[in-house]
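A look at the structure
The lines below spell out each chain.
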Amino acid sequence: WHRDTTWLVQAGSGASSVDNPRGLALSRNGAPSLVIADRGNNEVKTVSIAQPNVGFAKMDGSTTGANFDAPVAVASDLQGYVYIVDRNNKRVLRYDSIGNFVQLINVEKNADGLALSDPVAVGVDDSLAYVADRGRGQVIRFKRRP
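Structural notes, computed from the coordinates. (Residues numbered from 1 in each chain as written. Predicted model: local features only at pLDDT ≥ 70, side-chain atom pairs only at ≥ 80, totals over all residues. Heavy atoms only, no water.)

Together, Phe101, Leu104 and Val107 make up a nonpolar patch on the protein surface, roughly 240 Å² of accessible area in all. Checked against the element boundaries, Leu104 lands in strand 10 (residues 101-104). With a relative accessible area of 33%, Leu104 lands in the partly exposed category. (Patch = residues over 30% accessible without salt bridge, like charges linked within 9 Å, V, L, I, M, F, W, Y side chains within 5 Å. Areas by Shrake-Rupley, 256 points an atom, 1.4 Å probe, with all protein chains shown as cover. Salt bridge = Lys/Arg side-chain N within 4 Å of Asp/Glu carboxyl O. Helix = DSSP H or I, 4+ residues; strand = E, 2+ residues; numbered from the N terminus. Buried < 20%, exposed > 50% of the residue type's maximum accessible area, 1.4 Å probe, protein only.)

Read across the sheet, four strands follow the order 7-8-9-10 without closing on themselves; strand pairing throughout is antiparallel. The outermost strands of the open sheet, each flanked by one partner alone, are strand 7 (71-76) and strand 10. Taken pair by pair, the neighbouring strands of this sheet meet at an average axis angle of 25°, ignoring direction. Where strand 7 and strand 8 (residues 82-86) come together, five bridges link them in antiparallel fashion. (Pairing = 2+ DSSP bridges. Axes fitted to C-alpha atoms, helices over the stretch in contact; angles between N-to-C directions.)

Moving on, we get to unusual backbone geometry. Positive phi, close to 50°, is recorded for Asn42, a residue that is not glycine. If you trace the backbone, Asn42 turns up in the loop between strand 4 (33-38) and strand 5 (43-48). When its relative accessible area of 28% is taken as the criterion, Asn42 is described as partly exposed. Of note, Asn53 is a non-glycine position whose phi angle comes to about 65°, a positive value.

Counting 13 residues, the largest nonpolar core has Val85, Val92, Ile105, Val122, Val131 and Phe142 as its most contacted members. Secondary structure elements with two or more residues in this core: strand 7, strand 8, strand 12 (128-133) and strand 13 (138-143). At three residues, strand 7 tops the list of elements feeding residues into this core. Each residue touching Val122, except ones within four places of it in the same chain, is listed here: Ala73, Val74, Ala75, Tyr83, Val85, Val92, Tyr130 and Val131. (Core = buried A, V, L, I, M, F, W, Y, C linked by side-chain atoms within 4.5 Å. Contact = heavy atoms within 4.5 Å.)

All right, on to the layout of surface pockets then. By volume, the largest pocket amounts to about 310 Å³. Lining the largest pocket are 18 residues, and of these Ile105, Phe142, Lys143, Arg144 and Arg145 lie nearest its centre. Listing elements by their share of the lining of the largest pocket, those giving two or more residues are strand 10, strand 12 and strand 13. With three residues, the top contributor of residues to the lining of the largest pocket is strand 13. A class-by-class count of the residues in the lining of the largest pocket yields seven nonpolar, two polar and nine charged. (1 Å grid on protein atoms, 1.4 Å probe; cavity = no way out; pocket = protein on both sides within 12 Å on 5 of 7 lines; lining within 4 Å. Points joined across faces, edges and corners; volume = space filled by probe spheres on them. Nonpolar A, V, L, I, M, F, W, Y, C, P; charged D, E, K, R; others polar.)

Turning to the pairing of strand 11 (residues 119-124), a few remarks are in order. Both strand 11 and strand 12 contribute to a ladder of five bridges, which runs antiparallel. From the neighbouring strand, Val124 faces strand 12, where its bridge partner is Ala129. Counting the residues that bridge the hairpin from strand 11 to strand 12 gives three residues.

Given below as structure tokens:
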């Protein structure tokens, strides 16, 4: 391994920059991209992995009725959908590959009848989402409905 000095996401607030980056995920559907949880700007961004300083999408939660508040983790499935852990709003959201809101993942409570307390991570495939809830000390599985 060696550092690739030709590619860098710099500090800032634009579509291809970040402030206090947290979670990362690779998305290989369409144009290969890196999905970044940008906690400092309360946004999630997809940027090109092939070209430096090229942003594809910027999501801030505004189309859901509440802007992101501390996005900390992201994941991407094989179809290019992006899953975002919006920690302080206690939710996990699904977006398409170009940044359009699709749905809320945590629509149901856990086995104890409790809502998410402090979600911190998400892992996904085409029909399942696993959410790490630090506040409850649980990993909760959500299944996509047919």
